[in-house]
Amino acid sequence: MIKVLNKTKPKAKTKTVSPVGDPSIYLDPATYKRARQLMRARGIGYLCGNAIVNPKTSKNLKEGWNTLLLHLAPASLSGFNTCPFSTAGCREACLNEAGQGAIVVDGVNRCGVARIARTRFFFEHPNEFLSVIHRQITNAKKGDLPLAVRLNGTSDIPWEEVAPDLFEVHNDVAFYDYSKTFTRLGKTPSNYVLTYSY
């Protein structure tokens, strides 16, 4: 089992390019079945937390919004770089080790282990990963509240490049994120709002 302890330093060699999903594959229901098998084999229960179980987004319920939030392993903690412009300072202050991310039981940070598993699943099986994201968004829209989705809870992936069709398929969803990547600003779909965070 992978042990993730507080203040773990990122690995030196990392993959920095995000994979690009193929909508003809990730929107296919057969891909979702394959994805669930891969997730079970990796011990991954879910990808996005919802407003009921996530204290950070539960506040949105009071404002009349359901919210999905995806937490991946930040920077290069997983061996894949999810934050291309991270600095030593932002890695030190990262919210990855706040709240549930700070809980260590028997020397293991289970939240950190789960985030690493999700991140590796994304980079190693992008279409399967995106099929689960698509399904989670589709299911979350069935409720009475409007849906907001934040795909970069603890990462900075250019989702508008990785899965541009996801925003079109779910054009009734309000996507939002924070980003240190200045060049992404103004280049996202109309239903994907970025806030520059440096």
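Residues numbered from 1 in each chain as written. Predicted model: local features only at pLDDT ≥ 70, side-chain atom pairs only at ≥ 80, totals over all residues. Heavy atoms only, no water.

**Student:** Help me understand helix α6 (residues 126–140), please; the structure alone is not making it clear to me.
**Tutor:** In an α-helix, one turn spans 3.6 residues; hence positions three or four apart end up facing the same way. A rise of 1.5 Å per residue sets the reference length of α6, with its 15 residues, at 21 Å; its end C-alpha atoms lie 21 Å apart and thus fit the reference within 8%. Across the 15 residues that make up α6, a large majority, 12, are buried. Burial in α6 covers these residues: P126, N127, E128, F129, L130, S131, V132, I133, H134, Q136, I137 and A140. (Helix = DSSP H or I, 4+ residues; strand = E, 2+ residues; numbered from the N terminus. Expected span 1.5 Å × (residues − 1). Buried < 20%, exposed > 50% of the residue type's maximum accessible area, 1.4 Å probe, protein only.)

**Student:** For this particular structure, what's the right way to read unusual backbone geometry?
**Tutor:** Working note: non-glycine residues mostly have negative phi, and peptide bonds are mostly trans. For A75, which is not glycine, the phi dihedral falls at a positive 50°. Note on placement: A75 falls in the loop between β2 (66–70) and α4 (88–93).

**Student:** Is there a simple way to explain the nonpolar core in this structure?
**Tutor:** Generally speaking, a soluble globular protein has its nonpolar side chains buried in company with each other. If you look at the biggest cluster of nonpolar residues, it comprises 34 residues, and the most contacted ones within it are L47, L70, F129, I133, I137 and W159. Counting residues per element, the ones that place at least two in this core are α2 (29–42), β2, α5 (110–124), α6, β3 (147–150), α7 (159–162), α8 (164–169) and β5 (192–196). Looking at this core, the element that brings in the most residues is α6, giving 6 residues. Setting aside its immediate chain neighbours within four residues, I137 contacts L68, L147, V149, L166, H170, V173 and F175. (Core = buried A, V, L, I, M, F, W, Y, C linked by side-chain atoms within 4.5 Å. Contact = heavy atoms within 4.5 Å.)

**Student:** How should I be thinking about the packing of aromatic side chains in this particular structure?
**Tutor:** Geometry of an aromatic ring pair is reported as the spacing of the ring centres plus the angle between the planes. In the structure shown here, the tally under the stated rule is 10 aromatic pairs. Each ring, one from F122 and one from F123, has its centre 4.9 Å from the other, and the planes form 70°; the classification is edge-to-face. For F122, a relative accessible area of 0% puts it in the buried group. For F123, a relative accessible area of 5% puts it in the buried group. Across from the ring centre of Y46, 5.0 Å away, lies the NZ or CZ of R118, which sits over that ring. (Phe/Tyr/Trp six-rings, centres within 6.5 Å; stacked < 30°, edge-to-face > 60°. Lys NZ or Arg CZ within 6 Å of the ring centre and 35° of its normal.)

Nothing here speaks to function; it is all geometry.
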